[in-house]
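One letter stands for each residue in the lines below.
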Amino acid sequence: MNGREDPPVERALRALAGKIAAGAPSGWRRAELRGYADGAGSGHRGFSFEPSRLNQYGSNDIDVHEELRRIADLAGTSRRLTIDVVVWAWGRFEAILSERLDRAENQHSVVYVLDHDTLPPDPGELQDGPADPTPAGDPDEAVALLGSYLRLRDRILNPDRYAPPAALPARQRARIEKGLPAALPPDLRALYSVIDGDGGEGLLARHPWFGLDEVEALSHPDNRWWVSREWQQYLSRPFVTTVGPPLTVRRMIDCPAWIPFATSTGGDFLAVDMSPGPRGRPGQVIRIGLHHNDGPTYVADSVTSLLREHVTALETGAYECVDGEFWIDLAEFRPARRQRSAFRTMRVTGGTAMRLELGPDVEALEVSDAPFVDLGPVAGTPALTRVTMRNCPAADLSPLARTPVEVLDLALDTVDLSGLEGHPVVRSLTVRTDAPLDLAPLRSCPRLYLLDLSEATDIPDIEVLGELPSLLYLNLRYDQWEALWERTSHPSTLAVAGLASEPPKEKRFWWSATNAYHPPEPSRKTVLRWTRELVGNASDVRVVTGGFNPLRRR
């Protein structure tokens, strides 16, 4: 860390500070911008001004995107660059630039990425394969359905002059399929022996159907541009979901065996899933892509079934021709259906928590404001993967040992973690309690990757944190980090460290000196001190200070 910077970056920061000052509301004394930029663009989380009464609608309309992008370009960053800037009305600024230090979802909290490349494995990697490993589709039926569909379509469009592209030669098809990460299901392979996609026509619910060359290209890892694997994603959306029948699709961000064969043209894809979950079938159709970055959506058990739905829709009149556009009404593509079949959550409150009754398809349990919680009925629930408890006195967690629960968020008067001892798949744990917390049982949790104890006020054995075998993310308050470092070092496996926010200091009287601006903790000074203690004098975190002309107004 240093206070000197190469002149081009300092000049760009000076221009940014001047623009903020020129656009700030009248009467401002201090402004803060929490921005970022990378090769794809820039953004920020808004401005904050002092006095705080200036933080109202319209105070954030200063356009600084060009300046943020210029700073990132001049800094020569290869990843997203955090650009935190404080500007004072009398003509000074201070900026923090870093590719590793970033703001968390709670803007007063920060994270420092120690290792960008080490990420938690997707939970689907640990799921069992399909109980029935045979594809549900039928090659002969699929080809027959395609013929029926094209004939019905031609009759409706009277006549349809469309002709799909001819199939590639058999030898070329075999060569392409051999290069795919997984073999195509028999029904889709049979269809490619008849046509080579649809030439962009959009036969499948207005999804253009790829030719085999494009299937091969999009199956290559370097071409799956829609897949984002960054720590920001895991921290903002720590839970991978699926839409559709539980345990049908593996809960993963992406899988090489998801082979795209059609596109929505809006960044999403239809793919055949050749590595399904326990209740799935190889060759089932799923939706993946830009708008499914928190998990895939189940569409049909096979391409055969998808074509059957198209034929049925045309036979029953479930279609429209509007302004030359041909629309087929398929249940699988209705947003309302996707919402209804989305993540299955059971919410209970008050006395109802004493008599829990979970069905086999419940994936999330949320309990709040309950005088007593009996988790006994959850034991053996096959799909339960997330449990949240709020404002409850205590709970025996041992029944969770017989569930595949992965994510726990516990806000209880007393938390006894002994029920989690040896749990094979729990991966994320948040604890909020004022009672003493014993961390020893966590030593035997082999897949505990994310741990947030920032709202646990009393941890007598905090040194246990240094012994957790797989911990990748740890979020603590500054005083907790200090207590940990007094006894031991942080876990050697740690890839991301979080510095949590603390309750704001109250102002005593309007006329008192304490009424002056007090930055929320962790303040910038605390953040920089914590970073030094975490990694030493990190050259990645650059502090730039300077002055600007404060007289120019917009």
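Here, every reference points to the structure presented above.
Trainee: Sorry, what's going on with the overall build of the protein here?
Mentor: What the protein contains, in helices and strands, is 11 helices and 21 strands. Over its C-alpha atoms, taken along the principal directions, the protein stretches across nearly 80 × 60 × 40 Å. The long-range fraction of contacts in the protein, counting pairs at least 24 apart against all pairs at least 6 apart in sequence, stands at 52%. Of the roughly 24900 Å² of accessible surface on the protein, a fraction of 49% belongs to carbon and sulfur atoms. Where the 62 positive side-chain charges of the protein centre and where its 77 negative ones centre are 5 Å apart.

Trainee: I tried to follow the environment of Leu-365 on my own but got confused; where do I start?
Mentor: With respect to the helices, strands and loops of the structure, Leu-365 is situated in strand β14 (residues 364-368). Judged by relative accessible area, which is 0%, Leu-365 ranks as buried. Expressed as a C-alpha distance, the spacing of Leu-365 and Leu-408, which sit 43 residues apart in the sequence, is 9.9 Å. Setting aside chain neighbours within four positions, we find Leu-365 in contact with Met-346, Val-348, Leu-356, Leu-358, Leu-375, Val-378, Leu-384, Arg-386, Val-387 and Thr-388.

Trainee: I tried to follow unusual backbone geometry on my own but got confused; where do I start?
Mentor: The phi torsion of most residues other than glycine is negative, and most of the peptide bonds are trans. In this chain, Glu-50 is followed by Pro-51 through a cis amide linkage whose omega measures 5°. Structurally, the position occupied by Pro-51 is in the loop between β2 (41-50) and α2 (65-75). Phi is positive for Thr-265, which is not a glycine, with a value near 70°. Along the chain, Thr-265 falls in the loop between β7 (258-263) and β8 (268-273). Although it is not a glycine, Asn-391 sits at a positive phi angle of roughly 55°.

Trainee: Teacher, can you tell me more about the packing of helix α1 (residues 7-23) against α2 here?
Mentor: For any two helices packed against each other, the geometry comes down to the angle between their axes and how far apart the axes lie. Two numbers describe how α1 lies on α2: the axes approach to 9 Å, and their chain directions differ by 170°. The orientation of α1 relative to α2 falls into the category roughly antiparallel. Here Pro-8, Val-9, Ala-12, Leu-13, Leu-16 and Lys-19 of α1 come into contact with α2, specifically with Glu-67, Leu-68, Arg-70, Ile-71, Leu-74 and Ala-75. Looking at the contact of α1 with α2 residue by residue, the classes come out as nine nonpolar, no polar and three charged.

Trainee: What exactly am I supposed to notice about the sheet that holds strand β3 (residues 81-88) here?
Mentor: The antiparallel open sheet is built from five strands, whose spatial order is β2-β1-β3-β4-β21. If you trace the sheet from one side to the other, it starts and ends with β2 and β21 (542-547), each paired once. Going from strand to strand, the sheet's axes swing by 15° on average, the running direction of each strand aside. Where α2 meets the sheet, it contacts β1 (30-38), β2, β3, β4 (92-98) and β21, and its direction lies at approximately 120° from that of β2.

Trainee: Explain the pairing of β2 to me, please; I cannot follow it from the model alone.
Mentor: Working note: regular strand, side chains alternate between the two faces of the sheet. Here β1 runs beside β2; their pairing, made up of eight bridges, is antiparallel. Along β2, the bridge assignment pairs Gly-35 with His-44. What sits between the antiparallel neighbours β1 and β2 is a turn of two residues.

Trainee: Help me understand the packing of helix α10 (residues 478-487) against helix α11 (residues 524-535), please; the structure alone is not making it clear to me.
Mentor: It is the contact of α10 with α11, at a shortest axis distance of 11 Å, that shows an interaxial angle of 25°. It follows from the interaxial angle that α10 and α11 lie roughly parallel. Of the two possible hands of crossing, α10 and α11 adopt the one that is left-handed. Residues Tyr-478, Trp-481 and Trp-485 of α10 form the contact with α11, whose own contacting residues are Thr-526, Arg-529, Trp-530, Glu-533 and Leu-534. Of the residues in the contact of α10 with α11, the class split is five nonpolar, one polar and two charged.

Parameters and conventions
- Residues numbered from 1 in each chain as written.
- Predicted model: local features only at pLDDT ≥ 70, side-chain atom pairs only at ≥ 80, totals over all residues.
- Heavy atoms only, no water.
- Helix = DSSP H or I, 4+ residues; strand = E, 2+ residues; numbered from the N terminus.
- Contact = heavy atoms within 4.5 Å.
- Areas by Shrake-Rupley, 256 points an atom, 1.4 Å probe, with all protein chains shown as cover.
- Lys, Arg positive; Asp, Glu negative; His and termini not counted.
- Charge placed at Lys NZ, Arg CZ, Asp CG, Glu CD.
- Buried < 20%, exposed > 50% of the residue type's maximum accessible area, 1.4 Å probe, protein only.
- Axes fitted to C-alpha atoms, helices over the stretch in contact; angles between N-to-C directions.
- Parallel < 35°, antiparallel > 145°, perpendicular 65-115°, else oblique.
- Nonpolar A, V, L, I, M, F, W, Y, C, P; charged D, E, K, R; others polar.
- Pairing = 2+ DSSP bridges.
- Left-handed = near helix turned anticlockwise from the far one by under 90°.

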